[in-house]
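What follows is each chain in one-letter form.
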Amino acid sequence: MTYSGAVKVGGPADVHELRDLMISKVAVGAMNNNAYLLRCRDTGEQLLIDAAAEPHTLLSLIGDDSVASVVTTHRHGDHWQALEEVVAATGARTFAGRYDAEGIPVATDVPLEDGDTVRVGRVELTARHIVGHTPGSIVLVYDDPHGHPHVFTGDCLFPGGVGNTFGDAAAFVSLIDDVEQKIFGGLPDESWVYPGHGDDTTLGAERPHLAEWRGRGW
């Protein structure tokens, strides 16, 4: 089956099979949050990005092999509603951006800074600190040695724009500056984007609209 990234709450996961990594995407909760389970194909180790809601759904997705790590992309409550139950059931280590950790009610074992490495088995992802949607949002970049990069953007970048800055003009400028410099600035158009809500996109599909987004201010 070809991966599309189109999932809905209550529906099955969609699985993106890469040579070294399997990425399973599922939608959960009242706000249609995306959660992503990453599995190293060599070792079988797993990592979950955003234990957003529906712990039973996430634990079923994780399965008997459990999960070693859970990364929370940012402090907003819709992204960690299931975190306590998933960690209690699996013993997973928790990761989050250093400047958002205080806003997440489950203790962060590993606070992340810009440029830090997060590992799942033999696969490495790079954390990028993006300021604007929240003070400590984290984007994870997997630079696939056999293909193009894969970028897990939380609520910092979606099809059609950057994340909500709730009318704060300075926060918007910070967000779009960081998104331009730390995501678009160093990655090719083929890079696949996995957002915190809704459908996936690519940097190539969104890049032509950066000036438009900056001009409209959201």
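In short, a report on the structure. Model, not experiment: these values are computed from the prediction.

## Some points on the packing of aromatic side chains
The description of an aromatic ring pair rests on the distance of the ring centres and on the angle between the ring planes.
Next, step 1: Taken as a whole, this structure holds five aromatic pairs when the rule is applied.
Next, step 2: Between Tyr 36 and Tyr 194, the aromatic rings sit 5.6 Å apart at their centres with planes inclined by 80°, giving edge-to-face as the arrangement. With a gap of 158 residues between them, Tyr 36 in strand E3 (residues 33-40) and Tyr 194 in strand E14 (residues 192-195) connect regions that are remote in the sequence. Both residues of the pair, Tyr 36 and Tyr 194, count as buried.
Next, step 3: Here Phe 152 and Tyr 194 contribute two aromatic rings whose centre-to-centre distance is 4.5 Å and whose plane-to-plane angle is 15°, an arrangement assigned as stacked. Taken together, the positions of Phe 152 in strand E11 (residues 149-154) and Tyr 194 in strand E14 put the pair 42 residues apart, joining distant regions of the chain. Grouping residues by exposure puts Phe 152 and Tyr 194 together as buried.
Next, step 4: Put simply, the rings of Tyr 3, Tyr 36, Phe 152, Trp 192 and Tyr 194 pair up and form one aromatic cluster.

## Structural notes on the pattern of salt bridges
Next, step 1: Applying the stated rule across the entire model yields 14 salt bridges.
Next, step 2: Linking Arg 39 and Asp 65 is a salt bridge whose minimum nitrogen-to-oxygen distance equals 2.9 Å. You can see Arg 39 sitting in strand E3 and its partner Asp 65 sitting in the loop between helix H1 (55-62) and strand E5 (69-72), a full 26 residues away along the chain.
Next, step 3: When the shortest N-O distance is used, the salt bridge between Asp 114 and Arg 128 registers 3.0 Å. In this pair, Asp 114 sits in the loop between strand E7 (110-112) and strand E8 (117-120) while Arg 128 sits in strand E9 (residues 123-130), placing the two residues 14 residues apart along the sequence.

Reading guide: rules and limits
Residues numbered from 1 in each chain as written. Predicted model: local features only at pLDDT ≥ 70, side-chain atom pairs only at ≥ 80, totals over all residues. Heavy atoms only, no water. Phe/Tyr/Trp six-rings, centres within 6.5 Å; stacked < 30°, edge-to-face > 60°. Helix = DSSP H or I, 4+ residues; strand = E, 2+ residues; numbered from the N terminus. Buried < 20%, exposed > 50% of the residue type's maximum accessible area, 1.4 Å probe, protein only. Salt bridge = Lys/Arg side-chain N within 4 Å of Asp/Glu carboxyl O.

Just distances and angles here, no functional claims.
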